[in-house]
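Here is how the chains run, residue by residue.
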Amino acid sequence: MKKFFAAAIAVLMTASLAACGSTPSSSAAENPAPASSAASTESAPSDAGSGNTYRIGLAQIMEHTSLNQIRDSFTAEMEALGYGPDKVEIDYQNAQSDQSNLNSICQKFAGDGKDLIVAIATPTAISAAAAAPDIPLVFSAVTDPVAAKLVENPDAPEGNITGTSDAIPVDQVFELMNQLTPGVETVGLVYNLGEVNSVAVIEQAKTYLDSKGIGYVEATVTNTSEVQQAAQSLVGKCQAFYTPIDNTVATAMPVYAEVAKQAGLPIYTGADSMVIDGGFATVGIDYTLLGKQTAAMVVKVLEGTPISEIPVETLSNFATVVNTTTAEAIGVTLPGDLLSSAIVVE
């Protein structure tokens, strides 16, 4: 049995991942430049942003485990690939869940004339694309870049945008639900209606549930403070919760998980970090590996590969992740064969 404690987990699905790197402290941008329209033409970074140093703007919408794993592994992998501080100046900014901060950060990157922008999560990528259409953009953890209107053809991106997707097969998560907690007749869907990434996956979930004759009830939120009440509103109406890769809900995962534990209900999630933070189980991807992939794509751009020749990448190696502490709290006995093959957190 592969067994890891939540405080020690930096790598979940591969034994050969690089150690996490450190990043500069975050702050909101000041004196933003005016935003402009979305990108339509492709450009390349200059050979030198500051002397012979490339200037990269690295933006993150908020703090939560998955996004932090991407950030840390990205910066560590850049250095491992030979793009350390002597070659790359990374300006890291965190919007702390504030959309106006995020817009200001991206506008500041545009005004500064960054050579390239790395945007972690869908809201960040959308804001960066609008604010800096002439700067190459590499996104990370954008679940559905087509639905987000970042690219039209992921295999041959047009304009200045490419990146990595954290999409996972929704059917695998619900097949896990049927295995671990059989007999679920109604699923409670908790998500932020304002996150394009969540809405796209929820639509997939509804299609799957409809095909299997399983009902669903919904509770949507607009910010983290609403998550607890949303979850409570579904207690007594469902036998399990499902939340996709939703940044807002992920940030409030501990309170969401507490509601579910008190009700004796499992939460099936779209991200391993949400299981680490108290959810029950998922079939998910390794966000550390996603950060490494993002770094490799950035290096290709810096070395002159046209973005149109850098397809959007989606991880294909998934693993089952279960939280045994949560399982005990809600009274679920995990099968031995699953424990022997799954990634287990406590």
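Above: the structure in question.
Now for a description of the structure that goes with this document. (Residues numbered from 1 in each chain as written. Predicted model: local features only at pLDDT ≥ 70, side-chain atom pairs only at ≥ 80, totals over all residues. Heavy atoms only, no water.)

## Quick look at the pairing of strand β3 (residues 88–94)
Consideration 1: Counting buried positions along β3 yields six of seven residues, so the element is predominantly enclosed.
Consideration 2: Each parallel crossover has a hand, and for strand β2 (residues 54–60) linked through helix α1 (residues 65–80) to β3 it is right-handed. (Buried < 20%, exposed > 50% of the residue type's maximum accessible area, 1.4 Å probe, protein only. Helix = DSSP H or I, 4+ residues; strand = E, 2+ residues; numbered from the N terminus. Right-handed = clockwise from strand over helix to strand, strands pointing away.)

## Notes on the nonpolar core
Consideration 1: Judged by nonpolar contacts, the single largest core of 107 residues is most densely connected at Met78, Phe241, Tyr242 and Tyr268.
Consideration 2: By residue number, the principal contributor to this core is helix α10 (residues 287–302), which donates nine residues.
Consideration 3: Counting residues in each nonpolar core, the second largest holds six residues, with Val275, Ile276, Val321 and Val345 among its members. (Core = buried A, V, L, I, M, F, W, Y, C linked by side-chain atoms within 4.5 Å.)

## Points about empty space enclosed by the protein
Picture a little ball the size of a water molecule; that probe, rolled over the atoms, points out where space is still empty.
Consideration 1: Evaluation of the coordinates by the stated rule reveals one cavity of 30 Å³ or more.
Consideration 2: In this structure, the largest cavity spans a volume of roughly 80 Å³.
Consideration 3: The set of elements that each furnish at least two residues to the lining of the largest cavity consists of α1 and α7 (247–251). (1 Å grid on protein atoms, 1.4 Å probe; cavity = no way out; pocket = protein on both sides within 12 Å on 5 of 7 lines; lining within 4 Å. Points joined across faces, edges and corners; volume = space filled by probe spheres on them.)

## Structural notes on helix α3 (residues 122–131)
Turn by turn, an α-helix covers 3.6 residues, leaving residues three or four places apart pointing in a common direction.
Consideration 1: Burial runs high along α3: eight of the 10 residues are buried.
Consideration 2: Residues of α3 that are buried include every one of Thr122, Pro123, Thr124, Ala125, Ser127, Ala128, Ala129 and Ala131, and no others.

## Here we look at the environment of Ala131
Consideration 1: Within the secondary structure, Ala131 sits in helix α3.
Consideration 2: Through-space distance from the C-alpha of Ala131 to that of Phe109 is 8.4 Å; in sequence the pair is 22 residues apart.

## Some details on the layout of surface pockets
Consideration 1: There is about 300 Å³ of room inside the largest pocket.
Consideration 2: Taken together, 18 residues form the lining of the largest pocket, with Gln99, Pro123, Asn192, Glu195 and Thr248 sitting closest to its centre.
Consideration 3: Of all the elements in the fold, those that place two or more residues in the lining of the largest pocket are α3 and α5 (196–212).
Consideration 4: Tallying contributions element by element places α3 first for the lining of the largest pocket, with four residues.
Consideration 5: A class-by-class count of the residues in the lining of the largest pocket yields five nonpolar, 11 polar and two charged. (Nonpolar A, V, L, I, M, F, W, Y, C, P; charged D, E, K, R; others polar.)

## Let's talk about the pattern of salt bridges
Consideration 1: Evaluated as defined, the whole model comprises six salt bridges.
Consideration 2: Salt-bridge contacts for Lys114 lead to Asp91; the nearest nitrogen and oxygen are separated by 3.2 Å. In this pair, Lys114 is assigned in the loop between α2 (99–112) and β4 (116–120) and Asp91 in strand β3, connecting sequence segments 23 residues apart. Both residues of the pair, Lys114 and Asp91, count as buried.
Consideration 3: One salt bridge connects Glu218 with Lys206, and the closest N-O pair in it is separated by 3.0 Å. Taken together, the residues span a long stretch of sequence, with Glu218 in strand β8 (residues 215–221) and Lys206 in helix α5 at a distance of 12 residues.
Consideration 4: The exposure class assigned to Glu218 is partly exposed, which follows from its relative accessible area of 37%.
Consideration 5: A residue is classified by how much of its surface remains accessible, and Lys206, at 13% relative accessible area, is buried.
Consideration 6: The network of salt bridges with common partners includes Glu63, Arg71 and Asp72. (Salt bridge = Lys/Arg side-chain N within 4 Å of Asp/Glu carboxyl O.)

## Observations concerning the sheet that holds strand β6 (residues 161–165)
Consideration 1: In spatial order, the strands read β3-β2-β4-β5-β6-β12; together these six strands make up an open sheet with parallel pairing. Of all the strands in the sheet, the pair left with one neighbour each is β3 and β12 (313–314).
Consideration 2: Bridging between β2 and β4 involves five bridges; their strand directions are parallel. When the sheet's bridge partners are listed, Leu58 is paired in β4 with Val118.
Consideration 3: Running over the sheet, α2 touches β2, β3 and β4 and is turned about 170 degrees from β2.
Consideration 4: On the sheet, α3 packs against β2, β4, β5 (137–140) and β6 and is oriented at approximately 150 degrees with respect to β4. (Pairing = 2+ DSSP bridges. Contact = heavy atoms within 4.5 Å. Axes fitted to C-alpha atoms, helices over the stretch in contact; angles between N-to-C directions.)

## Examining the packing of aromatic side chains
Consideration 1: Taken as a whole and judged by the stated rule, the model has four aromatic pairs.
Consideration 2: Here the aromatic rings of Phe174 and Tyr242 are separated by 4.9 Å at their centres, their planes lie at 50 degrees, and the arrangement is tilted. A residue pair is termed long-range when its members are at least 10 positions apart, and Phe174 in helix α4 (residues 170–180) and Tyr242 in strand β9 (residues 240–243) qualify at 68 residues.
Consideration 3: For the ring pair Phe241 and Tyr256, a centre distance of 5.5 Å and an interplane angle of 75 degrees mean the geometry is edge-to-face. Residue Phe241 is found in strand β9, and its partner Tyr256 is found in helix α8 (residues 253–263); the two are separated by 15 residues along the sequence. With respect to class, Phe241 is no different from Tyr256; both count as buried.
Consideration 4: Following the ring pairs from residue to residue traces out a cluster consisting of Phe174, Tyr208 and Tyr242.
Consideration 5: Seen from the ring of Tyr83, Lys87 lies directly overhead, with NZ or CZ sitting 5.3 Å from the centre. (Phe/Tyr/Trp six-rings, centres within 6.5 Å; stacked < 30°, edge-to-face > 60°. Lys NZ or Arg CZ within 6 Å of the ring centre and 35° of its normal.)

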